[in-house]
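# Overview (structure and organization)
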Amino acid sequence: MTAHVHHFHLSLLVMLIISASLCVLAVIIKMKNKKGPKLLEREKYNSTRTENMVEVKKTDSNIFNIWPYVSKLKSAKVLSKKIKDNDLIYKIYRDSSEKFEHILLSTEDKNNFVTIIVNKKRKKTIGYSFLDSNERYDLSKNIA
């Protein structure tokens, strides 16, 4: 082979290696920037609640589709994969303006829930929060 052909092949090989490296780097950066489920701070959570949160029946057809978000919560190990989907939704509450929905999901711990908060008007999930009803509602105290 002539020197020019040899140099051309070497240049192609170097370009291939650089291109492959850039592709791998792009995938790594995208994976690092991939957003997981967002744990809401107490202040943000409280801003989605009103005095008159109304319980909504699980059979209501107007309930937000949470299942893609539930999959993310399971992948992030926020929710246990042991609980079957049909047993997952405990209760659903909607604020009086019907802007926010709080969907309580069962966990393996009694009286502990993962709450998904949804902005129904924007049709998007805001994030999730933990609810320990023993602590919040003082259920651990014995009433005489």
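Residues numbered from 1 in each chain as written. Predicted model: local features only at pLDDT ≥ 70, side-chain atom pairs only at ≥ 80, totals over all residues. Heavy atoms only, no water.

## Regarding the environment of Ile66
How we decide: Under the scheme used here, helices are H or I runs from DSSP no shorter than 4 residues and strands are E runs no shorter than 2 residues, and both carry numbers assigned from the N terminus. Contacts are residue-level and defined by heavy atoms, with any inter-residue pair within 4.5 Å sufficient.
Note that Ile66 resides in the loop between strand 1 (54-56) and helix 3 (67-75). Sequence-distant contacts of Ile66, that is, excluding residues within four places in its chain, are made with Ile89, Ile103, Leu105, Ile116 and Val118.

## A look at the UniProt feature "transmembrane region" (unreviewed entry) in the chain
Rules: UniProt positions are given in the numbering used here, feature names are shortened, and annotations may be inferred rather than shown by experiment.
On the UniProt side, "transmembrane region" (unreviewed entry) is annotated at positions that read residues 6-29 here. The span residues 6-29 shows a helical share of 100% and a strand share of 0%, and its end C-alpha atoms are spaced 35 Å apart.

## Some points on the pairing of strand 3 (residues 100-106)
Put simply, the rule is: Any residue under 20% of the maximum accessible area for its type is buried, any over 50% is exposed, and the rest in between are partly exposed; the area is computed with a 1.4 Å probe on protein chains only. Here, strands pair whenever DSSP counts at least two bridges between them.
Burial of strand 3 is extensive: seven of the seven residues sit out of reach of the surface. Going residue by residue along strand 3, you find Phe100, His102, Leu104 and Ser106 tucked away on one face and Glu101, Ile103 and Leu105 tucked away on the opposite face as well. Pairing of strand 2 (residues 89-94) with strand 3 involves five bridges; the strand directions are antiparallel. Residue pairing in the sheet places Ile89 in a bridge with Leu105 of strand 3. Counting the residues between successive antiparallel strands, the hairpin from strand 2 to strand 3 contains five residues, one of them, Glu98, with a positive phi of roughly 60°. In the sheet, strand 3 pairs with strand 4 (residues 112-119) via seven bridges, with the strands oriented antiparallel. Note on strand 4: the bridge partner recorded for Leu104 is Thr115. In this structure, the hairpin formed by strand 3 and strand 4 is closed by a connection of five residues, where Asn111 is found at a positive phi of approximately 65°.

## Looking at the sheet that holds strand 5 (residues 124-132)
Threshold: Interaxial angles span 0 to 180 degrees and are taken between N-to-C directions of axes, which are lines fitted to C-alpha atoms, for helices over the stretch in contact.
Taken in spatial order, the five strands make up an open sheet running 1-2-3-4-5, and their pairing is antiparallel. The sheet is open, and its two borders are formed by strand 1 and strand 5, each paired with just one other strand. For this sheet, the mean inter-axis angle between neighbouring strands, taken without regard to orientation, is 30°.

## Here we look at a nonpolar patch on the surface
Note the threshold: Here, patches come from residues exposed beyond 30% relative accessible area and free of salt bridges, joined within 9 Å for like charges and within 5 Å for nonpolar side chains (Val, Leu, Ile, Met, Phe, Trp, Tyr). Here the Shrake-Rupley method, with its probe set to 1.4 Å, supplies the accessible areas, and only the displayed protein chains count as covering residues. A pair is scored as a salt bridge if a Lys or Arg side-chain nitrogen falls within 4 Å of a carboxyl oxygen belonging to Asp or Glu.
Nonpolar side chains collect at one region of the surface, where Leu10, Leu13, Val14, Leu16, Ile17, Ile18, Leu22, Leu25 and Ile29 lie side by side and expose about 850 Å² of accessible area between them. Tracing the backbone through its elements, the reader meets Ile18 in helix 1 (residues 3-33).

## A short note on the pattern of salt bridges
Opposite charge on two side chains allows them to pair when their charged atoms are near. In this structure the tally under the stated criterion is four salt bridges. The closest approach of N and O atoms between Lys74 and Asp85, which form a salt bridge, is 2.7 Å. Taken together, the residues span a long stretch of sequence, with Lys74 in helix 3 and Asp85 in the loop between helix 3 and strand 2 at a distance of 11 residues. The class of Asp85 is partly exposed, set by a relative accessible area of 39%.

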